[in-house]
Structure formats: C-alpha cells, structure tokens
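Okay, here's what each chain looks like letter by letter:
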Amino acid sequence: MADLDPHRRFRRQRQNLVDLLREKGIFDERVLAAINQIPRHLFMDQALERRAYEDEALPIGLSQTISQPFTVAYQTQTLAPASGERILEIGTGSGYQAAVLSRLGVSLFTVERLRPLYERTRPLLKELGYRANCLLGDGTKGWESMAPFDGIVVTAGAIDIPRPLLDQLKEPADGLPGGRLVIPVGGLGGQTMQRIVRTGNNTFEAEELEAFSFVPLIPD
Ligand code: SAH
C-alpha cells in the first residue's frame, strides 16, 4: 500500500499509546502531544512496524534498541526541556528520542558512537523534518565545542557518571538555575534514573528516581 502520508498511519494506535503512557504516570502534555504526532514506526525496520506503538523497546540492529516509549516519555518529562534550550542527547540510536526533543522546540545536539546508526539516523531525522545536530563520537565525552547545555539526557546505562557531562552543564547565573543531567546509572542488572542539577562551579545535586533497564553505554 502506498504510504502517502506516513504521519496519518497508525493514528489510533498512537492515541492508545498516549492513553497508556498517561495511565503509567506521564503527565507532561507537551511530551504526550509529541508522542501523539511522531511516526515511531518510521524509526525501526519495516518488518517491526506493526509493533511500533506497543510500549516496548525493539531491536534496531547492532545489539541496540529503540527505547520503550514510556522510557522516552519519562526521560523527557524528567529533563523538562523548555523551547529554545540547548539540549544534548547521548545515544542517538534510532532517532526517536531526538525527534521527541526536536518536536519540543529545543536546540538539539545528539551523539552516537556506532557509525552505521549515525549514518542511518542523521538523514532520517532530516527527511522527516526534525532538526538535530548529529555527531559521530563517544558520548561519554559530551560535545565540548557546543557546551554548555541547559540539559543532557543519556539514553544508555552508565556504570558511573562521566565527568565531562557534568562539566558541560550550564552553571547557574543571574538567578537562573544550572543545567540538569538525566542519566540511568548502574550495571548490566539495571539502572536507577538520576536527575542531577548543577548548583555551582563544582557543586551538583543528585536525585535518585525509578529503576530502568538500558543497553550499556559503551566507553571509549
Ligand atoms: N535514544 C535512542 C536509544 C538508543 S539505545 C533511541 O531513541 O532510539 C542507546 C544508544 O546509545 C545506541 O544507539 C548505542 O549505540 C548508543 N551508545 C552507546 N554508547 C555510546 C557512547 N559512548 N556514545 C554515544 N552513543 C553511545
């Protein structure tokens, strides 16, 4: 069947997914609206598209996954990015999380370590009209030349918190709060989501949130 307007396909499934996410505790209406509008089925192999609006992580090749919609919604809601903010994502992967952030009007920077994913996703985001600055590299180093960031979101599990990511958060100034980092921390058994806020030149406040299970962040 010709796919004339991909954004119109699976509309009912998308709405059902949004209803489910709401039941699971996602309340940020901007995040829910973004998920309602983004064709997640285009961020995976066509053979899997029937499952695109289940609340599940799905394989995207190279032992990587497109994150579960709940996880994407949760991380985005926790990051709470305002339109126009500079946001860095570590782990571009399928590009779906990047699309959600782009849809929220942020100035988006995203780093992917695996070349085949970078080469597939960068043109896909562009083709679908999502604005993102993509970099091929090791995200544990952040993206120094584009720092500082209002927010950083890491979409793979970290054994510990990479120092460069803390350093690349905006410092608080002129009464404005510092940048924040949303990162799942823990080993292969699972991670705890942490929200870290920069409170000064070398001071940070961390808050431990819920348990998740991510693919590991691959260090250099
Ligand atoms: N945000 C993605 C999630 C993909 S899974 C999405 O919405 O689909 C995690 C991704 O992190 C994978 O693509 C993996 O290749 C990437 N990754 C792992 N270690 C990394 C590193 N050190 N730097 C950048 N990306 C990394």
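A short tour of the structure in this document, coming up. Note that the coordinates shown come from a computational prediction; the quantities given were computed from them, not determined experimentally. (Residues numbered from 1 in each chain as written. Predicted model: local features only at pLDDT ≥ 70, side-chain atom pairs only at ≥ 80, totals over all residues. Heavy atoms only, no water.)

### Quick word on the sheet that holds strand β6 (residues 151-154)
Then step 1. Pairing in this open sheet of seven strands is mixed, and the strands run β5-β4-β3-β6-β7-β8-β9 from one edge to the other. Every other strand in the sheet has two partners, leaving β5 (133-136) and β9 (204-212) as the edge strands with one partner each. Put simply, the sheet's adjacent strands are angled 20 degrees from each other on average, direction ignored.
Then step 2. Of the pairings in the sheet, the one linking strand β7 (residues 180-185) to strand β8 (residues 191-198) comprises six bridges and is antiparallel in character. Residue pairing in the sheet places Val182 in a bridge with Arg195 of β8.
Then step 3. Along the sheet face, helix α4 (residues 96-103) touches β3 (86-90), β4 (107-112) and β6 and points at about 170 degrees away from the line of β3.
Then step 4. Set on the sheet, helix α5 (residues 115-128) makes contact with β4 and β5; between it and β5 the angle comes to about 170 degrees. (Pairing = 2+ DSSP bridges. Helix = DSSP H or I, 4+ residues; strand = E, 2+ residues; numbered from the N terminus. Axes fitted to C-alpha atoms, helices over the stretch in contact; angles between N-to-C directions. Contact = heavy atoms within 4.5 Å.)

### Observations concerning the pairing of β3
Then step 1. For β3, the tally of buried residues reaches four of five residues, placing the bulk of the element in the interior.
Then step 2. Two strands pair when backbone bridges link them, and β3 and β4 are joined in this way by five bridges, in the parallel orientation. Its bridge partner lying in β4, Leu88 is registered against Phe109.
Then step 3. As for the winding sense of the linkage, the β-α-β connection from β3 through α4 to β4 is right-handed.
Then step 4. When β3 meets β6, the two strands line up parallel, connected through four bridges. Its bridge partner lying in β6, Ile87 is registered against Gly151. (Buried < 20%, exposed > 50% of the residue type's maximum accessible area, 1.4 Å probe, protein only. Right-handed = clockwise from strand over helix to strand, strands pointing away.)

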